Number of protein chains: 4
Amino acid sequence: MSSTAILLLHCPDTQGIISEITRFITDNHGNIIDLDQYVDHIDNMFFMRLEWQLDGFLIAREKIADVIETLYAQRYQMTFDLYFSDEPPRMAIFVSKMSHCLYDLLARYRAGEWNVEIPCIVSNHEDLRFIAEQFDIPYYVWSINKDHSNKAEVEKAELELLREMRVSFIVLARYMQIISDELISAYPHNIINIHHSFLPAFIGAKPYHQAFERGVKIIGATSHYITADLDAGPIIEQDVVRITHRDTPESLVLKGRDLEKIVLSRAVTKHIERKILTYHNKTIIFN
Amino acid sequence: MSSTAILLLHCPDTQGIISEITRFITDNHGNIIDLDQYVDHIDNMFFMRLEWQLDGFLIAREKIADVIETLYAQRYQMTFDLYFSDEPPRMAIFVSKMSHCLYDLLARYRAGEWNVEIPCIVSNHEDLRFIAEQFDIPYYVWSINKDHSNKAEVEKAELELLREMRVSFIVLARYMQIISDELISAYPHNIINIHHSFLPAFIGAKPYHQAFERGVKIIGATSHYITADLDAGPIIEQDVVRITHRDTPESLVLKGRDLEKIVLSRAVTKHIERKILTYHNKTIIFN
Amino acid sequence: MSSTAILLLHCPDTQGIISEITRFITDNHGNIIDLDQYVDHIDNMFFMRLEWQLDGFLIAREKIADVIETLYAQRYQMTFDLYFSDEPPRMAIFVSKMSHCLYDLLARYRAGEWNVEIPCIVSNHEDLRFIAEQFDIPYYVWSINKDHSNKAEVEKAELELLREMRVSFIVLARYMQIISDELISAYPHNIINIHHSFLPAFIGAKPYHQAFERGVKIIGATSHYITADLDAGPIIEQDVVRITHRDTPESLVLKGRDLEKIVLSRAVTKHIERKILTYHNKTIIFN
Amino acid sequence: MSSTAILLLHCPDTQGIISEITRFITDNHGNIIDLDQYVDHIDNMFFMRLEWQLDGFLIAREKIADVIETLYAQRYQMTFDLYFSDEPPRMAIFVSKMSHCLYDLLARYRAGEWNVEIPCIVSNHEDLRFIAEQFDIPYYVWSINKDHSNKAEVEKAELELLREMRVSFIVLARYMQIISDELISAYPHNIINIHHSFLPAFIGAKPYHQAFERGVKIIGATSHYITADLDAGPIIEQDVVRITHRDTPESLVLKGRDLEKIVLSRAVTKHIERKILTYHNKTIIFN
């Protein structure tokens, strides 16, 4: 299959945008293979994801962004991102001590489910190095002092590594550390976390214990982009599972693991496929 | 809110269709409020649902179909349907003896959930007349002989009623009779049935008993358009519910009722909203 | 089918309780048709639901509670309730202006799904009187002043009515008034509410709007017993439905209606079947 | 935690069985930590799972089965199995070329989710040897000729291996070969398969393609015990996921993988926990 260009954009809604953009692609011999659009009638905003084949497209790939900027972005107050399917994103995985999400991510990667590269795994503990070695992926450990006295220093080293590895987004696979604002602002809407509750219920620590205490009949997991506000970033995906009075905090942890794996991997899939647009602390998820 | 026009179309996929159609609407001062499209890359078919406001649209509503036919339909080998939001569909409900789906449909109707009119309820039994009377809707009964000797005659009378009442589609709300090909061909893809199994599992009679015998752990319900092929028409909506070894055929029937109601009502909602396109015995369901 | 006795009990866990209680029933010629038990190993509490046929049982029904009290309750520090299947509970429904839950409850009642009696519907508005009349159930209205100045008086009148009607439990079918502590304490763990969110997320007013604002991907509904603590009583049942960025607060309200109906009716079913035990602000729900 | 004994039994239902068995355990100083029972009122059969602590139990573990046989089994026409929690089952995994289920099983095993031992992985292809090596588990390959001419011989070798490894049950993790009756009868109700459809829909080959052709709106996966009847053995667990018209056979395969993993692992969990009783081609799954 030919390489494709993927355009994600949003701007205030006006008549004729779809028509104009699709005509632009078509006139330049681009074959549109996917178009998904959405109008937020409350904020009067227009959102679109457009994917077309590069084969035979009259504009050179390195010029496309420029042309869109010149022709449309300013006129329509448009914010846009442009990606190419043959330039896969580079994903770093951050872990602490729990293996389930890491195994799930790496098994998918190894099976070729995703168009992605994983140059490194980062941790604050040695515990999961053996998994990185099983999959032959470099594993970097910086332990963080209990008093967090070296946290700034550690994050600086991590940032350097991420840049060196040309990492484009980060997956926190049950990484049990707060991410600093500096790292967040280096990867805006590019750090995916999995929180083990149905947000906004049970924000913060030990959500399964909170769920047990409250006596809920369903537990959930939530994947979201990290923002400066703890557990309050744009939600990408959620799912739930039924529980009963027979469940203990321990069995909730076990059931939750399966949720966490699937919810995190669905979010990562959408991110890799460039199907997520964030706006006003929410996500638009294209099909 | 202003009245809208809704265009549902499909045709072989070629470059530029979206661009051309949306420009046509825009150039004639139609404000597009919803566009959903889908390309079937296996059959190379293009499907679109387009909704725009009629206020200020330059083409008179009675001319629109003509213009689309002339400008696009032939050129693109396009099949299309055009609807107007201020001309709600007229729905007939067929029932036998079970009340749950009928109550659910009428409660939604009375609460104003749907842009629809219900001119009549048709049955082969007197049992549910009291519900029709509760809701002040005409109730017509034609009983069908056990040997079906009068079936053709009954269906003829029913068809006459449907025409007189200008019925546009029929909902079989647990109507326990086979619909004849004649009635089906009078309402192609406009008769919605609810089958009480997860089709294609347990086709035919007593699906809950079949499910019990097989020992499945989940039961389902399926709403579909009726075609000449029993339980094999295009599926509109399905849903399931978990069961256990503790369930009996009787408890399955009870659990199934709730499924049937919700699955049927979701299908009816999509039909009323003109969000279903049928193609090759499948449905495209727009958002 | 013969009438049955249903025993719901809990007590500190000790060896031999099941054995002793079941022997007691068996020795007195009671045929046990259902036994479900559960041990909370954290609190070391034992919970049991036992149902047996009264036909041929050697102890007269009016003596059974006494005998259990004497033989077991004190010895085991046991709390228990005894019900008879031929003495159906009497349910009052409180409503305000929304019809969907009321229709759903009454349709089930009329279809004979439940072993229950509904002697009255209570409201603070006239709006739904027509439904009560459709189903021939007495409808009582006490409007509550905006400043709530007559609320105490109204609740007094309601309590009188409930007593006169020998109401055993109350269902708040989207009743938009806070229930006072006095009424709650007259019906402890016998007032079932439906809250239109996945508690404990979005406590309080306008949960669908809160859910929209937060950008969640799933919404829920929760049925629970009313306690003095707003939206914090023991949860009976919850369910959820997936939503997308395309949903508006209005479409959430519509999708939520279907959830509210099913979640409320499941809770009412369990309550009528005497399958709920409350303990420490949680529910044990037997199969 | 102390070791436990687990008793799974079924027999024709008579009064007093629960009482008698629990008294037997209690009288011999066994502390019952879990009891789950179920009466099939259609077949009049009684089913029970009983778990008690062996610490302080007066009967030596090697005598327990004998005593139960003598005291109860004959009298009540009882079929029973007895297990000890400190004698974990030994599980062989059979695979072909797809890695997702194998990774999921091994990741759970390595994370200590299960009380199980995995002495070997068996395959008809070399493809997944690298995973076995990642996890340090012996991997045995017998390739089967296209004409199946060596199949009997291969199964003989496999059976020998299974005996030598003292394998107690087999998991077919997308193993693409029909299991012969001989192997099935060596492991009755101890071979767990994952079928990639919602059985009994889409029995046989390429179920995702069948599902695509039929246009269903939900796909499923089913784990079941293998019997001589293809895809017709007792169902242990099923689950489903929603699909849309946008899905292709390829995307169904991808979505299905996640279902297969979770459905297979839930079945394996229940089997390891000795919570499954089979009867009349159905399973009773205890909580």
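Residues numbered from 1 in each chain as written. Chains lettered and ligands numbered in written order. Predicted model: local features only at pLDDT ≥ 70, side-chain atom pairs only at ≥ 80, totals over all residues. Heavy atoms only, no water.

A. Representation of the overall build of chain A. Of regular secondary structure, chain A possesses eight helices and 13 strands. In terms of overall size, chain A behaves like a compact globule, its C-alpha atoms giving a radius of gyration of 21 Å where 287 residues would be expected to give roughly 19 Å. Seen through its C-alpha atoms, chain A measures out along the principal axes to roughly 60 × 40 × 35 Å. Each of the 287 residues in chain A was classed as buried or not, and the buried ones make up 62%. (Helix = DSSP H or I, 4+ residues; strand = E, 2+ residues; numbered from the N terminus. Rg over C-alpha atoms; globule rule 2.2 N^0.38 Å. Buried < 20%, exposed > 50% of the residue type's maximum accessible area, 1.4 Å probe, protein only.)

B. Main features of the relation of the copies chain C and chain A. Superposition of chain C onto chain A requires a rotation of 180° combined with a translation of 0.0 Å along the rotation axis, giving an RMSD of 0.0 Å. Each copy turns onto its partner about a two-fold axis. Looking at the rotation axis and the C-alpha trace of chain C, the residue lying nearest is Ala201(C), at 2.3 Å. A shared binding surface is used by both copies, with 100% of the interface residues of chain C retained as interface residues in chain A. (Least-squares fit on C-alpha atoms with pLDDT ≥ 70 in both. Contact = heavy atoms within 4.5 Å.)

C. Fine view of the interface of chain D and chain C. The interface is formed by 16 residues belonging to chain D together with 15 residues belonging to chain C. Surface buried jointly by chain D and chain C totals about 1,300 Å² across both partners, of which 47% is contributed by carbon and sulfur atoms. For the chain D face of the interface with chain C, the top three residues by lost area are Gln15(D), Ser19(D) and Leu35(D), together amounting to 32%. Put simply, chain D and chain C have zero salt bridges between them. Those elements that provide at least two residues to the side of chain D that touches chain C are helix 1 (17–27) and strand 2 (31–40) of chain D. With six residues, strand 2 of chain D is the largest single contributor of residues to the side of chain D that touches chain C. Of the residues in the side of chain D that touches chain C, the class split is three nonpolar, 10 polar and three charged. (Buried area = accessible area lost by both parts, 1.4 Å probe. Salt bridge = Lys/Arg side-chain N within 4 Å of Asp/Glu carboxyl O. Nonpolar A, V, L, I, M, F, W, Y, C, P; charged D, E, K, R; others polar.)

D. Representation of the interface of chain C and chain A in the model. With 35 residues of chain C at the contact, the number on the chain A side is 35 residues. Across the chain C to chain A interface the summed buried area is about 3,000 Å²; carbon plus sulfur atoms make up 56%. For the chain C face of the interface with chain A, the top three residues by lost area are Arg214(C), Lys217(C) and His245(C), together amounting to 23%. On inspection of chain C and its partner chain A, the count reaches six salt bridges.

E. Representation of the sheet that holds strand 4 (residues 79–84) of chain C. Residue and element names in this part refer to chain C. Read from one edge to the other, the open sheet built from four strands follows the order 2-3-1-4, with strand pairing classed as antiparallel. Every other strand in the sheet has two partners, leaving strand 2 (31–40) and strand 4 as the edge strands with one partner each. Strand-to-strand twist across the sheet, computed as the mean angle between neighbouring axes with direction ignored, equals 10°. The sheet contact formed by strand 1 (residues 4–12) and strand 3 (residues 45–53) spans nine bridges and is antiparallel. When the sheet's bridge partners are listed, Leu8 is paired in strand 3 with Arg49. The strands that helix 1 (residues 17–27) touches are strand 1, strand 2 and strand 3; relative to strand 3, the one it contacts most, it runs at about 15°. The sheet strands contacting helix 2 (residues 61–73) are strand 1, strand 3 and strand 4, and the helix crosses strand 4 at an angle near 160°. (Pairing = 2+ DSSP bridges. Axes fitted to C-alpha atoms, helices over the stretch in contact; angles between N-to-C directions.)

F. Expanded view of helix 8 (residues 249–272) of chain C. With 24 residues, helix 8 of chain C should cover 34 Å at 1.5 Å per step; its first-to-last C-alpha distance of 34 Å lies within 8% of that length. Two residues or fewer past helix 8 of chain C, Arg274(C) is found with a positive phi of approximately 60°. (Expected span 1.5 Å × (residues − 1).)

G. Fine view of the pairing of strand 2 of chain C. Residue and element names in this part refer to chain C. Of all the 10 residues making up strand 2, nine are buried; the element is thus mostly covered by neighbouring parts of the structure. One ladder, built from nine bridges, connects strand 2 with strand 3; its direction is antiparallel. Bridging across to strand 3, Leu35 finds its partner in Leu50. The turn joining strand 2 and strand 3, which pair antiparallel and follow one another in sequence, is formed by four residues; a positive phi near 55° is taken by Asn44.

H. Expanded view of the pairing of strand 12 (residues 276–279) of chain C. Residues and elements named next belong to chain C. In strand 12, alternate side chains face the same way, and those of Ile276 and Thr278 on one face and Leu277 and Tyr279 on the other are all buried. With four bridges joining them, strand 12 and strand 13 (residues 282–285) adopt antiparallel strand pairing. Among the inter-strand pairings, Ile276 is bridged to a residue of strand 13, identified as Ile285.

I. Region of the structure containing the domain arrangement of chain A. All names here are of chain A. According to the domain assignment, chain A contains domain 1 (4–84) and domain 2 (90–285). Facing the 11 residues of domain 1 at the interface are nine residues of domain 2. Broken down residue by residue, the surface that domain 1 buries against domain 2 is led by Leu8, Phe47 and Arg49, which jointly contribute 45%. Where domain 1 packs against domain 2, one counts zero salt bridges. Run the count over domain 1 and domain 2 and you get three residue pairs in polar contact (both at pLDDT 80 or more). (Domains from an automatic or database assignment. Polar contact = N/O pair within 3.5 Å; in protein donor to acceptor, adjacent residues only side chain to side chain.)

J. The environment of Gly215(C), seen in detail. Within the element layout of this structure, Gly215(C) appears in the loop between helix 7 (207–214) and strand 10 (218–225). When the C-alpha atoms of Gly215(C) and Arg174(C) are compared, they prove to be 24 Å apart, with 41 residues separating the residues in sequence. With residues near it in sequence (within four places) discarded, Gly215(C) still touches Ile235(A) and Lys282(A).

K. Layout of the sheet that holds strand 10 (residues 218–225) of chain D. All names here are of chain D. One open sheet holds the seven strands; their spatial order is 7-6-5-8-9-10-11, and the pairing between them is mixed. This sheet does not close on itself; its edge strands, each paired only once, are strand 7 (139–141) and strand 11 (235–242). Sheet twist, expressed as the average angle between the axes of neighbouring strands with direction ignored, equals 20°. Of the strand pairs in this sheet, strand 9 (residues 191–195) and strand 10 are connected by four bridges, and their pairing is antiparallel. Bridge pairing in strand 10 places Ile192 opposite Tyr225. Along the sheet face, helix 8 (residues 249–272) touches strand 5 (90–95), strand 8 (169–172), strand 9, strand 10 and strand 11 and points at about 30° away from the line of strand 10.

L. Quick peek at unusual backbone geometry. Residue and element names in this part refer to chain C. Omega for the bond connecting Leu199 with Pro200 falls within 30 degrees of zero, at 10°, which places this linkage in the cis form. Tracing the chain through its elements places Pro200 in the loop between strand 9 (191–195) and helix 7. Although it is not a glycine, His280 adopts a positive phi angle of roughly 50°. Along the polypeptide, His280 turns up in the loop between strand 12 and strand 13.

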